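Letter by letter, the chains look like this.
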Amino acid sequence: MTNDKVTNILMAGVGGQGTLLASEILSEVLMQAGYDVKKAEVHGMAQRGGSVVSHVRFGKKVHSAIIPEGGADVLFGFELLETYRYLPLVDPNGTVVVNNLRIAPPSVALGKEEYPEDIPAKLQQHIDDVRVVDGLRLAEQAGNSRTVNTVLLGALSNLLAPTHEQWLNAIRALVPEKFLKVNLEAFELGRGIVQC
Amino acid sequence: MQKTVLSGNEAFARAAYEAGVQVASAYPGTPSTEILENITQYERIDSSWAPNEKVALEVGIGASMGGARALVTMKHVGVNVAADPLFTFSYTGVRGGFVLVAADDPEMHSSQNEQDSRNYARFAKVPMFDPADSQEALDFTRLAFAASEQFDTPIMLRSTTRISHSKSVVTLGEPMQDLPATGLTRDAKKFVMLPGNARIRHPFVEERLERMAEWACDQPFNRIEEGQGELGIITAGVAYQYAREVFPEAGILKLGLVHPLPQRLIREFADRYKTLYIIEELDPVIEEQVRAMGIEVIGKDKVPICGELTPGRLRKAFGLAATEPLELTEQLPPRPPNMCPGCPHRGVFYALNRLKAFVTGDIGCYTLGFMPPLSAMDTCICMGASIGNATGLSKVLDAEDQQKVVAVIGDSTFLHTGVNGLMDMVYNQSPATVIILDNSTTGMTGRQDNPSSGFTLSGEKAYQVDLEALCRSLGVRNVRTVDPYQMDETRQVISEEMARPETSVVITRRPCVLIKHDLFKKNPPLFVDADKCTACQACLKLGCPAIEWEPGEGGDKGYAKVDRLLCTGCGICEQVCKFGAFGVCHD
């Protein structure tokens, strides 16, 4: 909080993966930690299985909610191709946290185009700090395959200033009661793995 | 006061509560939809979905006539539908404060055009606020209600996708006091807009704008941020955020009220800076008015008219250095939106493709029927247009081509503005076929209820419009209803009605897979027996996200496979497979 730099986190995924809830929790925890926060995303058309992206910016004072090209300090990806797609928005000195999951877009499902191979390696050609998370395996370990988003948040939490307790409070505030226990477990599993 | 993170839409809803709004009405439309959805949490506000924006506005006007504060919300193109009452409401003015939120969609993230609602404010002579974040969405809405009563005028608030769907930190306010009293008040001179009365109200409207323009010069929502050089910028709305970020040293006149403009304040500001930029999204609305004041400015000669602004686009427009971004060296497969697995519309478009129909389309999830591989939509203009377009098209075709014309329209869109088109089709004896895709919800905007869904906005049971009876009462003699999961029957019925040389309606009825109220039940998922799959790829032509092609290796032919997690068991793939390769999982 001592300098005026705005930190930028770009979240990318496929409609239906729970990126919205994850970006809500992220914004909440950042506000609780005392930052000015802005978050931009697009609903409607984009949700029907299309590419989904959330811009989260925080700092002492944030004006634009949109992250400029080359400005993302963290690219936080829920799916490999959608993460790779937003490479031009990442700061080359930034960090990529990516879920090791492949979801075929329509042209690939139809056999008309190929899904790009070795995306983590391609990301590493440009960015030194690429962290691949096996979100689905950990979510299943937590007890529900739909908690991948919370696993990934746990992994992301290691890179950011808010305390462990502030994260747990934000999750408690936003996750419905009946899914809370499994999401807290998923968060801990995610937080445990990216200490590397 | 309490601080919280709110979207612009949540802030508009909160402001309605704080301002003591009693009635809120809307038709859903991205990016405005969540305002009404969030208002339902405030029990003292009567909030409802109207069948279209014109009705929503008229409901709001009625509440204002009764002395209550009213909020009406819609997307930008909804204002086209509501324009008729809007322009005359400007003449009558209000009793209870009235606010219309019009949510623009620069960049067309989810719209068919990117019209700029500020033109409506000028055209209808209605004042307009243009908030720049969620805090201003809340503050300006409160202000607007007070100003509406002070100046006897409806007031518009312009939102955009980046205001409505962005979240930022908001300090909540206390509920406003001294609200107007409700009740019947006869005032024909004010509310009966016959020529004699309207001629008296028009000069009032002109004078009202002049008074507001002068008032707005001294209000804190129009503010000057002093700069450190020779550059001054006039801006408003979300464009302010981008201007502030890109030009941190510049002086800025940030307008909160974009109509009418505070001319005295603009002159004062312009006198202080050698160079003046006007940074606004979409049309040169402020720019043209400032130029007309005789002030030299740089605006749309540099800032793009098309698309939304971003800090990056602004830097580029003014030739400022930006960091060189990393470049993708390969072409990536796109990921456009698609109909959901199990979507009841899919089989209908598959049939229309096979029947080589010329399909006049409409606005909804089903507009995605235009995308390959279904590729079965040939036109899409606006809400309700499919039916009138089909009528007009049929007028100029020979009998053989007339049979190919099919209008497709969803249940919510049909009730929005399709009914009149169908009335005309029958009345003027068009031979076209209309398919009402009845999924019992308003899908694309996020599953809102409508008059044919059987529920209200607040989830209460409601009368369900009988679509068959409605069509018959308009004079359609041939109304047939099919289950779109039954592929053969659906195709057969559509084919027969296309051939019939008079107006006919086919209603394809199946609930949306995402429908609320627990009305959709998944079936067990399907699988493909790879040994039976002949690689004909007929199933791929359905464009179902749950079906993926597995290319063969080493000369092998490959086979289709089903993603069990995505599959809802609708079974239409099983019906198009001629080789019995699909089976149902029973584990």
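Keep in mind that this is a model prediction, so the values were computed, not measured. Per chain, residue numbering runs from 1 following the sequence as it is written. Each chain is given a letter, starting from A, and each ligand a number, starting from 1, according to the order in which they appear as written. Only residues with pLDDT of at least 70 get local features here, since the model is predicted, and only at 80 or more are side-chain atom pairs given and counted; chain-wide, interface and lining totals rely on the full set of residues. Only hydrogens and water are removed before side-chain values are computed, so all heavy atoms of the structure are retained for them.

Draft legend 1. Inspection of the overall build of chain A at higher detail. Counting its secondary structure elements, chain A contains eight helices and six strands. Starting at the N terminus, helices and strands are each numbered in turn, a helix being any DSSP run of H or I of at least four residues and a strand any DSSP run of E of at least two. Each helix (α) and strand (β) of chain A, taken in turn from the N terminus, gives the series β-α-β-β-β-α-β-α-α-β-α-α-α-α. To get the radius of gyration, use the C-alpha atoms; to get the globule rule, take the number of residues to the power 0.38 and multiply by 2.2 Å. In terms of overall size, chain A behaves like a compact globule, its C-alpha atoms giving a radius of gyration of 16 Å where 196 residues would be expected to give roughly 16 Å. Counting only C-alpha atoms, chain A reaches 50 × 40 × 35 Å along its principal axes. Looking at chain A as a whole, 62% of its 196 residues qualify as buried. Only heavy atoms matter for contacts: two residues are in contact if any of them lie within 4.5 Å across the pair. When contacts within chain A are restricted to residue pairs at least 6 apart in sequence, those whose partners lie at least 24 apart make up 63%. Surface exposure here means Shrake-Rupley accessible area, sampled with a 1.4 Å probe, where a residue is shielded only by the protein chains that are shown. Carbon and sulfur atoms make up 49% of the accessible area of chain A, which amounts to about 7,700 Å² in all. His is not counted, nor are the chain ends; Lys and Arg add positive charge and Asp and Glu add negative charge. Throughout, a charge is located at the NZ atom of Lys, the CZ atom of Arg, the CG atom of Asp or the CD atom of Glu. Charge separation in chain A, taken as the distance between the mean sites of 18 positive and 22 negative side-chain charges, equals 4 Å. For each residue, the accessible area found with a 1.4 Å probe, counting protein chains only, is set against the maximum for its type, and the residue is called buried under 20%, exposed over 50%, and partly exposed in between.

Draft legend 2. Molecular detail of unusual backbone geometry. All names here are of chain B. Backbone torsion omega between T30 and P31 reads 5 degrees, so that peptide bond is classified as cis. Mapped onto the fold, P31 is located in the loop between β2 (23–26) and α2 (34–39). Between H259 and P260 the backbone carries a cis peptide bond, its omega angle lying at 0 degrees. Located in the positive-phi region is K125, a residue other than glycine, with phi close to 60 degrees. As for its position among the elements, K125 is in the loop between α5 (118–124) and β6 (128–129). Classification of K125 by relative accessible area gives partly exposed; the value is 24%. A positive phi angle, near 65 degrees, is found at R447, a position not held by glycine.

Draft legend 3. Molecular detail of the interface of chain B and chain A. Contacts between chain B and chain A engage 49 residues on the former and 51 residues on the latter. Here the quantity called buried area is the total loss of accessible area, with a 1.4 Å probe, experienced by two parts when brought into contact, counted for both. Buried area between chain B and chain A, summed over both chains or domains, comes out near 4,300 Å², and the portion from carbon and sulfur atoms is 59%. Of all residues in chain B, L326, P333 and R335 of chain B give up the largest surface area on contact with chain A, accounting jointly for 21% of the area buried on that side. Any Lys or Arg side-chain nitrogen found within 4 Å of a carboxyl oxygen on Asp or Glu counts as a salt bridge. Across the chain B-chain A interface, the total number found is six salt bridges. Linking E82 of chain A and R335 of chain B is a salt bridge whose minimum nitrogen-to-oxygen distance equals 2.5 Å. Polar contacts here mean pairs of N or O atoms no more than 3.5 Å apart (in protein, one a potential hydrogen donor and the other a potential acceptor; neighbouring residues in sequence count only if both atoms are side-chain atoms). Linking chain B with chain A are 13 residue pairs in polar contact (both at pLDDT 80 or more), by the criterion used here. Elements that contribute at least two residues to the side of chain B that touches chain A include exactly β1 (3–7), α7 (161–164), β8 (166–171), α10 (238–246) and β20 (547–550) of chain B. Examining the composition of the side of chain B that touches chain A, we find that five residues originate from one element, α10 of chain B, more than from any other. Amino acid classes used here: Ala, Val, Leu, Ile, Met, Phe, Trp, Tyr, Cys and Pro are nonpolar; Asp, Glu, Lys and Arg are charged; the rest, including Gly, are polar. For the side of chain B that touches chain A, a count of residues per class yields 23 nonpolar, 14 polar and 12 charged. Each pair of strands is called paired provided DSSP finds at least two bridges between the two strands. Where strand β2 (residues 36–41) of chain A and β8 of chain B come together, three bridges link them in antiparallel fashion. When the bridges of β8 of chain B are listed, K39 of chain A appears paired with K167 of chain B.

Draft legend 4. Up close: the sheet that holds strand β5 (residues 98–104) of chain B. Residue and element names in this part refer to chain B. On the basis of which strands lie adjacent, the open sheet formed by seven strands has the order β3-β2-β4-β5-β7-β6-β12 and mixed pairing. Looking at which strands have only one partner, the edges of the open sheet turn out to be β3 (46–49) and β12 (257–259). The strands touched by helix α4 (residues 76–92) are β4 (70–75), β5 and β7 (155–160); relative to β4, the strand with the most contacts, the crossing angle is about 140 degrees. Axes, fitted as lines to C-alpha atoms, cover a helix only where it is in contact. Angles between the N-to-C directions of the axes lie from 0 to 180 degrees.

Draft legend 5. Representation of the domain arrangement of chain B within the structure. Residues and elements named next belong to chain B. Domain boundaries in chain B define domain 1 (3–218), domain 2 (223–317), domain 3 (346–509) and domain 4 (526–584). Boundaries of every domain are those given by an automatic assignment or by a domain database. In this structure, domain 3 and domain 4 have C-alpha centres spaced 29 Å apart. Counting each side, the surface lost to burial between domain 3 and domain 4 is near 900 Å², with a carbon and sulfur contribution of 63%. Summed over the shared surface of domain 3 and domain 4, the number is zero salt bridges. Of all the elements in the fold, those that place two or more residues in the side of domain 3 that touches domain 4 are α14 (346–354) and α19 (487–499). In terms of residue count, the dominant contributor to the side of domain 3 that touches domain 4 is α14 (four residues). Grouping the amino acids of the side of domain 3 that touches domain 4 by side-chain chemistry returns six nonpolar, two polar and three charged.

Draft legend 6. Spotlight on the pairing of strand β3 (residues 51–59) of chain A. Residues and elements named next belong to chain A. Across the nine residues of β3, nine count as buried, placing the element largely inside the fold. Side chains of β3 alternate between two faces, with S51, V53, H55, R57 and G59 and V52, S54, V56 and F58 buried alike. As paired strands, strand β1 (residues 7–14) and β3 are joined by eight bridges and run antiparallel to one another. Bridged to M11 within β3 is S54. As paired strands, β2 and β3 are joined by six bridges and run antiparallel to one another.

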